[in-house]
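Structure assessment
If you want the building blocks of each chain, they are given just below.
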Amino acid sequence: MSGTLLSGVGPREGVPHGKLKRGVLVAELPEPVRKIHAPKIEDNPSLHKVVEDVNLNNHKDIAKMFDIVIWAPVSKEWSLKKLQGAIMQRLKLNLESTAGIEENAWRIFEELKGKKCLILVDENFDLIDLHEVMGIHDNLESEVVLASRLRDIYKDMEADELINVKPFSHHEAFNMFKEKVGWSIYFPGIKPVAELVVRECGGLPLLIDRVARTFRKKERNVSLWRDALNNLRRWENTQGMNEVLEFLRFCYDNLDSDAKKVCFLYGALYLEEYYIYIDYLLECWRAEGFIPTDESIHDKNAFRDARDKGHAILDYLINVSLLESSEKRKCVKMNKVLRDMALKISSIIGDSKFLAKPCEGLEEPPNHEEWKQATRIYLMDNELFVSLEEFSAVIDSSKQSWDKIVETIATEVASLEKLTSLQFCFPKVDCLEIFVTTSPAWKKGSCLTFQFAVDDHDSTCFQILKSFDYPSYNRLTLVNNEGVNPVISKVLMETHAFVLINHKGASRLSDFGTENMENMLVCLIERCDEIETIINAGKHLTLTKCPELKKIFYNGVIQQLLELQHLRIEECHQIEEIIMQSENIELESSSLPRLKTLVLLDLPKLRSIWVNDSLKWPSLQSIQISMCDRLKRLPFNIVNATKLRFIEGQQTWWEELVWEDDAVKQRLQPIFHP
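Residues numbered from 1 in each chain as written. Predicted model: local features only at pLDDT ≥ 70, side-chain atom pairs only at ≥ 80, totals over all residues. Heavy atoms only, no water.

1. Some remarks on the overall build of the protein
Summing up its helical and strand segments, the protein has 23 helices and 22 strands in all. Per-residue burial for the protein yields a buried fraction of 50% across its 674 residues. Taking the contacts inside the protein whose residues are at least 6 apart along the sequence as the reference set, 64% of them involve residues at least 24 apart. Carbon and sulfur atoms provide 48% of the accessible area of the protein, an area that totals close to 33,000 Å². (Helix = DSSP H or I, 4+ residues; strand = E, 2+ residues; numbered from the N terminus. Buried < 20%, exposed > 50% of the residue type's maximum accessible area, 1.4 Å probe, protein only. Contact = heavy atoms within 4.5 Å. Areas by Shrake-Rupley, 256 points an atom, 1.4 Å probe, with all protein chains shown as cover.)

As structure tokens, this is what we get:
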């Protein structure tokens, strides 16, 4: 006996649709036999409807091929005896309750002996031994057609051919719906609604049939049609929907792991029938933590292991027809009805509630309750962008990919009139200038808070700034830039935190204009080889890897640093004095009144913080000093730095310090920590 599987999974394999090796199906079935494409997920109504609508046994062309057609549905609670009963009923044989499996198989075999038989096994979920059921094994005159959503079934049952059956096209679906509903569909105003109704059915014949029965009762009342359409979209009060939902929920519940379930539900975030790149989807699953990981696997193999497990889950979901792969198997998509079902399921699962409204023409955000309840949100391809108040662009690890799209995005962002908060990475100063000169939000001044980076693809500076206690500061980061552009000066006027990394063409911080730094509270300078002096540093000043930096505070500027609270200097190998004696001859004892922390790291030429102990250091609380071997004196006595509670340094350095008075050492010894 030969076999053919009609399956809603994978690409078409074997012979073209409608042709079988032994001629069971012809290329074009004659009327009135309907050639039907079965859906991917359902109780396989392709076979069901053919048998239900047309008596194949009485059709002249089918009658020439076969003496009898047997449709044998295999329910979820199937058994060999139930299957035998369905076959015996078709053969008009009495089913004796006391008869065993072997006796029933013998009776079926005897009845079919010498006859050509077409057996349609529908809703097939499990391996079935047809010889055990019917007593037929080598009957080459008969044919078996298996209908299943599980691709492995046809392999286990050694079917000859696999035919991939697809949902109806919209044209086919509408024609079926029209036939079921009748002439009322041509009444003015009905047809446009009917088109939308058919679209909601996702090309599934069983659902089209059930829904059409409901809408047939609405007759020619357009209002009733529209109301029923709204109910259909909400899966409410529509005959047939519960039946379909029950079956689809069975498919979901039948998934054998939580990972498979959540990966399937995740697909509902995307638009129905939208092709999702497999590589992208697998990475999303991994990033979301859906794919279980093996802690024993070394880091370098962890990514590959996660990808392999992701492919296994994906292949399973395709195999059971919950996802559909593209012809080249680079993408997958989800049927509309399946997506609706997945969203329905997610709405009743506590930790997987989705807010998915892509391509719905939304101009206003969803209400607060929807936002509050959702664990994942997908609102792409709506009209919400113009209403955005906060926008954060997270850059890709690939600089090249970001640069290809950033100018377009920057132009779009500049058009946001309601923008109040923006975090954005510009590839060059010119791109920043476009935003500053065209953005209505920027022109409003203090209404916009921002974190800007120019040519920053490392994100190091953002990590450093996150350590500060003021996340609401307006921040400007310049990386790998040159000179002083007027637009930078303009942005600096609104900036609280200024970061300068690997900058060329500026020898002094004041080159950016001291008048533009009145609002600056934080300053970080790193790897700026040409910077020689610093002025106007705000509350925080960090200097790192500036090999030419020699002067920090010059020409009495230190007298103006009334707000400086935190000073950190690291790997600046030319610095000899923190406060230069020659530049601050008449330094007042109340200088640096708010300085709380002082960190000096790897300054091999440093020999002095301040030349003597004349400063009061009224707010200083902690000092950290490391790899500053030439620093032999500390600017303290027995009465100044009254709030100092912590000194950290190397033990050898501490022991080599020179003290004007042993009482000072005795005072500071308890707060020293090596």
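2. Some remarks on the packing of aromatic side chains
Counted by the stated rule, this structure contains 23 aromatic pairs. Look at Tyr-252 and Phe-264: their rings are 6.1 Å apart centre to centre, the planes differ by 45 degrees, and that puts the pair in the tilted class. Linking Tyr-252 in helix H11 (residues 241-253) with Phe-264 in helix H12 (residues 258-266), this pair joins segments that are twelve residues apart in sequence. Neither residue differs from the other here; Tyr-252 and Phe-264 are each classed as buried. On the numbers, 6.5 Å between centres and 65 degrees between planes, the contact of Phe-435 with Trp-442 is edge-to-face. What makes Phe-435 buried here is its relative accessible area of 1%. Through pairs of rings, three or more aromatic residues link up here, namely Phe-391, Phe-424, Phe-426, Phe-435, Trp-442, Phe-450 and Phe-452. Here the guanidinium or amino end of Lys-260 rests over the ring plane of Tyr-316, the centre of that ring lying 4.1 Å away. When the ring centre of Tyr-252 is taken as reference, the NZ or CZ atom of Lys-261 above it lies at 5.6 Å. (Phe/Tyr/Trp six-rings, centres within 6.5 Å; stacked < 30°, edge-to-face > 60°. Lys NZ or Arg CZ within 6 Å of the ring centre and 35° of its normal.)

3. Considerations on a negative patch on the surface
A contiguous patch of negative charge on the surface is contributed by Glu-482, Glu-530, Glu-532 and Glu-548. Following the sequence through the fold, Glu-482 ends up in the loop between strand E14 (475-479) and helix H21 (486-492). (Patch = residues over 30% accessible without salt bridge, like charges linked within 9 Å, V, L, I, M, F, W, Y side chains within 5 Å. Salt bridge = Lys/Arg side-chain N within 4 Å of Asp/Glu carboxyl O. Lys, Arg positive; Asp, Glu negative; His and termini not counted. Charge placed at Lys NZ, Arg CZ, Asp CG, Glu CD.)

4. Quick word on the sheet that holds strand E6 (residues 276-277)
Across the sheet, which stays open at both edges, the three strands sit in the order E6-E8-E7 with antiparallel pairing between neighbours. The sheet terminates laterally at E6 and strand E7 (324-325), the two strands that pair on one side only. Here two bridges tie E6 to strand E8 (residues 331-333), and the two strands are oriented antiparallel to one another. Following the sheet pairing, Ile-276 is matched in E8 by Val-332. (Pairing = 2+ DSSP bridges.)

5. Topic: the confidence of the model for the protein
Do not read the fine detail of predicted coordinates wherever pLDDT is low. On average, residues of the protein score 77 in pLDDT, and 78% of them reach the 70 mark or higher. pLDDT under 50 marks residues 1-55. Its contacts with residues more than four places away, or in other chains, come to 184 contacts. (pLDDT = per-residue confidence, 0-100.)

6. Considerations on the side chain of Lys-261
Its location among the elements puts Lys-261 in helix H12. One buried charged residue, Lys-261, forms no salt bridge at all, with the nearest opposite charge on Asp-258 at 4.8 Å. Contacts of Lys-261, omitting those with residues within four sequence positions, involve Tyr-252, Asp-253 and Leu-255.

7. What about unusual backbone geometry?
One non-glycine residue, Leu-592, adopts positive backbone phi at about 50 degrees. Within the secondary structure layout, Leu-592 lies in the loop between strand E18 (566-570) and strand E19 (597-601). The residue Trp-617 is not glycine, and still its phi comes out positive at about 45 degrees. Tracing the chain through its elements places Trp-617 in the loop between E19 and strand E20 (622-626).

8. Looking at the pairing of E18
Side-chain positions along a regular strand alternate between the two faces of the sheet. Looking at chain direction, strand E17 (residues 540-544) and E18 are connected through five bridges and run parallel. Looking at E18, one finds that Thr-542 is bridged to Arg-568. Judged from the five bridges that link them, E18 and E19 form a sheet pairing that is parallel. Residue pairing for E19: Ile-569 is matched across the bridge by Leu-600.

9. A closer look at the sheet that holds strand E16 (residues 522-526)
Strand pairing in a sheet takes place through backbone hydrogen bonds and is either antiparallel or parallel in direction. One open sheet holds the twelve strands; their spatial order is E11-E12-E13-E14-E15-E16-E17-E18-E19-E20-E21-E22, and the pairing between them is parallel. Each of the sheet's edge strands pairs with one partner strand only, and the pair in question is strand E11 (390-392) and strand E22 (672-673). Bridge analysis of strand E13 (residues 449-454) against E14 gives four bridges, and the strand direction is parallel. When the bridges of E14 are listed, Ala-453 appears paired with Thr-477.

10. Observations concerning the pattern of salt bridges
One pass over the full model with this rule turns up 19 salt bridges. When the shortest N-O distance is used, the salt bridge between Arg-213 and Asp-209 registers 2.9 Å. One end of the pair is Arg-213 and the other is Asp-209, both in helix H9 (residues 205-216) and four residues apart, which spans about a single turn. Classification of Arg-213 by relative accessible area gives partly exposed; the value is 38%.

11. Quick look at the side chain of Ser-346
If you trace the backbone, Ser-346 turns up in helix H15 (residues 336-346). There is a polar contact of 2.9 Å between the side chain of Ser-346 and the backbone oxygen of Leu-343. (Polar contact = N/O pair within 3.5 Å; in protein donor to acceptor, adjacent residues only side chain to side chain.)

12. Some remarks on H15
Burial analysis of H15 places ten of its eleven residues in the buried class, the great majority of the element. Those residues of H15 not exposed but buried are Lys-336, Val-337, Leu-338, Arg-339, Asp-340, Met-341, Ala-342, Leu-343, Ile-345 and Ser-346. With a side-chain oxygen positioned 2.8 Å from the backbone nitrogen of Val-337, the residue opening H15 is Asn-335.

13. A short note on the environment of Val-611
For Val-611, the position within the fold is in the loop between E19 and E20. Between the C-alpha atoms of Val-611 and Ile-578, which are 33 residues apart in sequence, the distance is 9.6 Å.

14. As for helix H10 (residues 222-233)
Taking 1.5 Å of rise per residue, the twelve residues of H10 would be expected to cover 16 Å, and the 17 Å separating its terminal C-alpha atoms lies within 8% of that figure. Buried within H10 we find Val-222, Trp-225, Ala-228, Leu-229, Asn-231 and Leu-232. Its side-chain oxygen at 3.0 Å from the backbone nitrogen of Ser-223, Asn-221 defines the N-terminal cap of H10. (Expected span 1.5 Å × (residues − 1).)

15. Concerning the pairing of strand E12 (residues 421-426)
Across three bridges, E11 lies against E12 in parallel orientation. In the strand pairing of E12, Glu-390 is matched with Ser-421. By the bridge criterion, six bridges tie E12 to E13 in an arrangement that is parallel. Residue pairing for E13: Ser-421 is matched across the bridge by Thr-449.

16. Some details on the environment of Asn-485
Tracing the backbone through its elements, the reader meets Asn-485 in the loop between E14 and H21. Accessibility expressed as a relative area gives 24% for Asn-485, which makes it partly exposed. Residues Asn-485 and Glu-433 lie 52 residues apart in sequence; the distance between their C-alpha atoms is 9.5 Å.

17. Structural notes on the packing of helix H7 (residues 170-181) against H9
Orientation of H7 relative to H9, taken along the N-to-C sense of each, is 35 degrees, at an axis distance of 9 Å. Crossing of H7 over H9 shows right-handed handedness. Across the interface between the two elements, Ala-173, Met-176, Phe-177, Lys-180 and Val-181 of H7 pack against Pro-205, Ile-208, Asp-209, Val-211, Ala-212, Phe-215 and Arg-216 of H9. Broken down by class, the residue content of the contact of H7 with H9 amounts to nine nonpolar, no polar and three charged. (Axes fitted to C-alpha atoms, helices over the stretch in contact; angles between N-to-C directions. Left-handed = near helix turned anticlockwise from the far one by under 90°. Nonpolar A, V, L, I, M, F, W, Y, C, P; charged D, E, K, R; others polar.)

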